[in-house]
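Structural overview for review
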Amino acid sequence: MKTENELIPHLFRTEYSKLTAVLGRLFGFEHIEIAEDIVSDTFMIAAETWGQKGLPENPVAWLYTVAKNKAKDHLKRNQLFSEKIIAAIKADTDESYEIEIDLSGKNISDSQLQMMFAICHPAIPAEAQIALSLRILCGFGIEEIADAFLTNKSTINKRLFRAKEKLRTERVKIEFPPKPEISRRLNTVLTTLYLLFNEGYYSLSQNISLRKDLCLEAMRLMLLLSENKETNEPQVSALLALMCFHASRFEARMGEDGESVLYEEQDTALWDQELIAKGEHFLSLSANDSQPSKYHLEAAIAYWHTNKTDSTEKWESILQLYNILLLIEYSPAAALNRTYALARANGKELAIIEAEKLNLEGNYLYHSLLGHLYTDVDNETARHHFNIALKLTRSIPDRRKIQEHIKKLQMS
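Within each chain, residues carry numbers counting from 1 in the order of the written sequence. The model is predicted, so local features are restricted to residues of pLDDT at least 70 and side-chain atom pairs to those at 80 or more, both for listing and for counting; the totals for chains, interfaces and linings are taken over all residues. Only hydrogens and water are set aside; all other atoms, that is, all heavy atoms of the structure, feed into the side-chain values.

Some remarks on the overall build of the protein
Here is the rule: Comment: elements are numbered from the N terminus, with helices defined as DSSP H or I runs of at least four residues and strands as E runs of at least two. A 1.4 Å probe rolled over the protein chains alone gives each residue an accessible area, and that area as a share of the maximum for its type sets the label: buried under 20%, exposed over 50%, partly exposed in between. The contact criterion used throughout is that any non-hydrogen atoms of two residues lie within 4.5 Å. All accessible-area figures derive from a Shrake-Rupley calculation using a 1.4 Å probe, and residue coverage is judged against the displayed protein chains alone.
Secondary structure assignment for the protein yields 19 helices and zero strands. Projected onto the principal axes, the alpha-carbon positions of the protein cover approximately 85 × 50 × 40 Å. When each of the 412 residues of the protein is scored for burial, the buried share is 50%. The long-range fraction of contacts in the protein, counting pairs at least 24 apart against all pairs at least 6 apart in sequence, stands at 66%. Surface summary for the protein: the accessible area is close to 20,400 Å², and the carbon and sulfur share equals 50%.

Focus: the pattern of salt bridges
How we decide: For this analysis, a salt bridge means a side-chain nitrogen from Lys or Arg found within 4 Å of a carboxyl oxygen belonging to Asp or Glu.
Taken as a whole and assessed by the stated rule, the structure comprises 23 salt bridges. Two residues, K179 and E230, come together in a salt bridge whose shortest N-O distance is 3.8 Å. Placement of the pair is K179 in helix α9 (residues 179-201) and E230 in the loop between α10 (208-227) and α11 (234-248), with a sequence separation of 51 residues. Judged by relative accessible area, which is 60%, K179 ranks as exposed. Exposure remark for E230: the relative accessible area of 25% places this residue in the partly exposed category. A salt bridge links E264 to R344; its shortest N-O distance comes to 4.0 Å.

A closer look at the packing of helix α13 (residues 294-305) against helix α14 (residues 312-328)
Stated precisely, the cut-off is as follows: What counts as an axis is a line fitted to C-alpha atoms, over the stretch in contact for a helix, and the angles between N-to-C directions run from 0 to 180 degrees. Reported orientations rely on four angle classes, namely roughly parallel under 35 degrees, roughly antiparallel over 145, roughly perpendicular from 65 to 115, and oblique for the rest. Handedness of a crossing is defined here by the sense of rotation of the near helix relative to the far one, left-handed for an anticlockwise turn of less than a right angle and right-handed for a clockwise turn. Side-chain classes are defined by residue name, with Ala, Val, Leu, Ile, Met, Phe, Trp, Tyr, Cys and Pro counting as nonpolar, Asp, Glu, Lys and Arg as charged, and the others, Gly among them, as polar.
Contact geometry of α13 with α14 gives a least axis separation of 9 Å together with a crossing angle of 160°. Here α14 runs roughly antiparallel to α13, going by the angle between their axes. Crossing handedness for the pair α13 and α14: left-handed. Contact residues: α13 offers K294, L297, E298, A300, I301, W304 and H305, while α14 offers E313, K314, W315, S317, I318, L321, Y322, I324, L325 and I328. The class makeup of the residues in the contact of α13 with α14 is eleven nonpolar, two polar and four charged.

Thoughts on the side chain of H246
Examined against the element boundaries, H246 turns out to sit in helix α11. The buried category is assigned to H246, whose relative accessible area is 12%. Apart from the residues within four sequence positions on either side, H246 is in contact with F197, Y201, Y202 and A302.

Examining the nonpolar core
Our working definition: Joining through side-chain atoms within 4.5 Å is the link that ties buried Ala, Val, Leu, Ile, Met, Phe, Trp, Tyr and Cys residues into a set, and such a set is a nonpolar core.
With 105 residues, the main nonpolar core has F29, M116, L134, L193, L196, M222 and L225 as its most contacted residues. In terms of residue count, the dominant contributor to this core is α11 (ten residues). If sequence neighbours within four positions are ignored, L196 has contacts with I130, L134, C138, L214, A218 and L221. With 23 residues, the next largest nonpolar core counts L11, I38, A67 and A71 among its residues.

Description of helix α2 (residues 32-53)
Our working definition: Multiplying 1.5 Å by the helix residue count minus one yields the expected span of that helix.
Counted at 1.5 Å a residue, the expected span for α2 with its 22 residues is 32 Å, and the 31 Å between its end C-alpha atoms agrees. Of all the positions in α2, only I32, I34, A35, E36, I38, V39, T42, F43, A46 and W50 are classed as buried. Backbone geometry just downstream of α2 places G54 in the positive-phi region, at approximately 90°.

Some remarks on the side chain of T393
By the element assignment, T393 lies in the loop between α18 (379-392) and α19 (396-411). Given a relative accessible area of 5%, T393 falls into the buried group.

Notes on the packing of aromatic side chains
Test applied: Here the aromatic set is Phe, Tyr and Trp, taking the six-membered ring for Trp, and pairing holds for ring centres within 6.5 Å; pairs whose planes are under 30 degrees apart are stacked, those over 60 apart are edge-to-face, and all others are tilted.
Using the criterion set out here, one finds twelve aromatic pairs in the structure. Ring geometry for Y263 versus W315: centroids 5.7 Å apart, planes at 85°, classification edge-to-face. Taken together, the residues span a long stretch of sequence, with Y263 in the loop between α11 and α12 (273-285) and W315 in helix α14 at a distance of 52 residues. Like Y263, the residue W315 is buried in the burial classification. A connected cluster of aromatic rings, assembled from ring pairs, spans Y263, W271, W315 and Y340.

What to know about the confidence of the model for the protein
Definition in use: Along the chain, pLDDT gives the predictor's confidence residue by residue, from 0 to 100.
Per-residue confidence for the protein gives a mean pLDDT of 89, with 92% of residues at or over 70. Note that residues 89-93 has pLDDT below 50 and, in this model, one contact with residues that lie over four places away or in other chains.

Some remarks on unusual backbone geometry
One non-glycine residue, N359, adopts positive backbone phi at about 55°. Considering the arrangement of structural elements, one finds N359 in the loop between α16 (348-358) and α17 (364-374).

A look at the state of the cysteines
Using the following cut-off: Any two cysteine sulfur atoms within 2.5 Å of one another count as a disulfide.
The tally for this structure, following the rule as stated, stands at zero disulfides. For C138, which is in no disulfide, the shortest distance to another cysteine sulfur is to C120 and amounts to 10 Å.

Regarding helix α8 (residues 153-169)
In plain terms, the rule: Think of the arc as the fan of directions from the helix axis to the C-beta atoms.
Between the first and last C-alpha of α8 there are 24 Å, a value that for 17 residues agrees with the 24 Å anticipated at 1.5 Å per step. Along α8, the positions that sit buried rather than exposed are I156, R159, L160, A163, K164, L167 and R168. Taken down its axis, α8 places every buried residue within 170° of arc, on the same side. In α8, those exposed residues whose orientation departs by more than 90 degrees from the buried face are F161, R162 and T169. At its buried positions, α8 is contacted by α2, α5 (105-119), α6 (126-137) and α7 (142-148).

A word on the environment of T169
Counted only if it meets this: Polar contacts here mean pairs of N or O atoms no more than 3.5 Å apart (in protein, one a potential hydrogen donor and the other a potential acceptor; neighbouring residues in sequence count only if both atoms are side-chain atoms).
Within the secondary structure, T169 is located in helix α8. Classification of T169 by relative accessible area gives exposed; the value is 58%. A polar contact is formed between the side chain of T169 and the backbone oxygen of E165, at a distance of 2.8 Å.

In structure tokens, the structure reads:
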């Protein structure tokens, strides 16, 4: 059983976003800060009360009751009561009308999904959508979000303020779009959650636990989409499969000091077989789509990466999937990853030719990959690229890893 000091941070992570979504839908984006303040105050009261009187029998129910009562009190005292509640009550309703705030499991899930669609509105840029998602849907603090984006709290506060103002200006409502709109808007939601997951999986932040939390929150929100009949479309299952496959190798792709571990150097015993099985389940569910999305292709690539057998068939399959992916949606990262698959399938020499065509001079991963490709082919050129990668990377553990490669080359 968790102590009070352990329980409150845990509940903040799990319940803050649920309460904020429900109360946020009640108040709307015009007054979203009120919802956030009520929920924050609820946790402050919990810390004070539980510290003095001990933990209640049902801490979650306690939080919900306090948050509901604070919201009701605010509405009764404030003009919002007249604007948002009284106007909706029929004229013949008696004055003893009790404000109802539904904190049932279904309403919480619906509120989070509706908040998700509202936050992922095309009126605000992708980075603002991610920041708002982290704050409102995931309950992340400003400092945590700043850490995730490798920036400062002032920048994040300004980004959140501008995003909320834009949503107010656009009069964005916290509700499901009309059915014909859901599929179109779903693409934006999936893009945001895809970027949110990547922010954790490929983050340069040194806070390893934060990186995992970002991935887990993206997966939690994806599960909400997959469990709702209005949003459970094949690309949702495909993206969830992709996240499961990637997350299954999370422990193996980072060293003890937080440095990146190359695929061929990963300890496969650290791969999470349960997550791999879940990924296979969701990939199977996504298969009934006649037009596979980029998420289907990336999930299939990630699936092959969870196959421990190092065969020609494996790398040729990955290479062909990358070829199709780049035709559907080109990205420098995918092109760079393709050259690694090309090296494993057809040898380093051909991969070097293809990699150098990319000319990603400002990308440390590009130079790091070329360093590995040139190793034992042209060690002087390999050292040259590793030295450039060393100058470009901001990750201290990765800098140490690159220095190890340079030292090995100098000894050879």
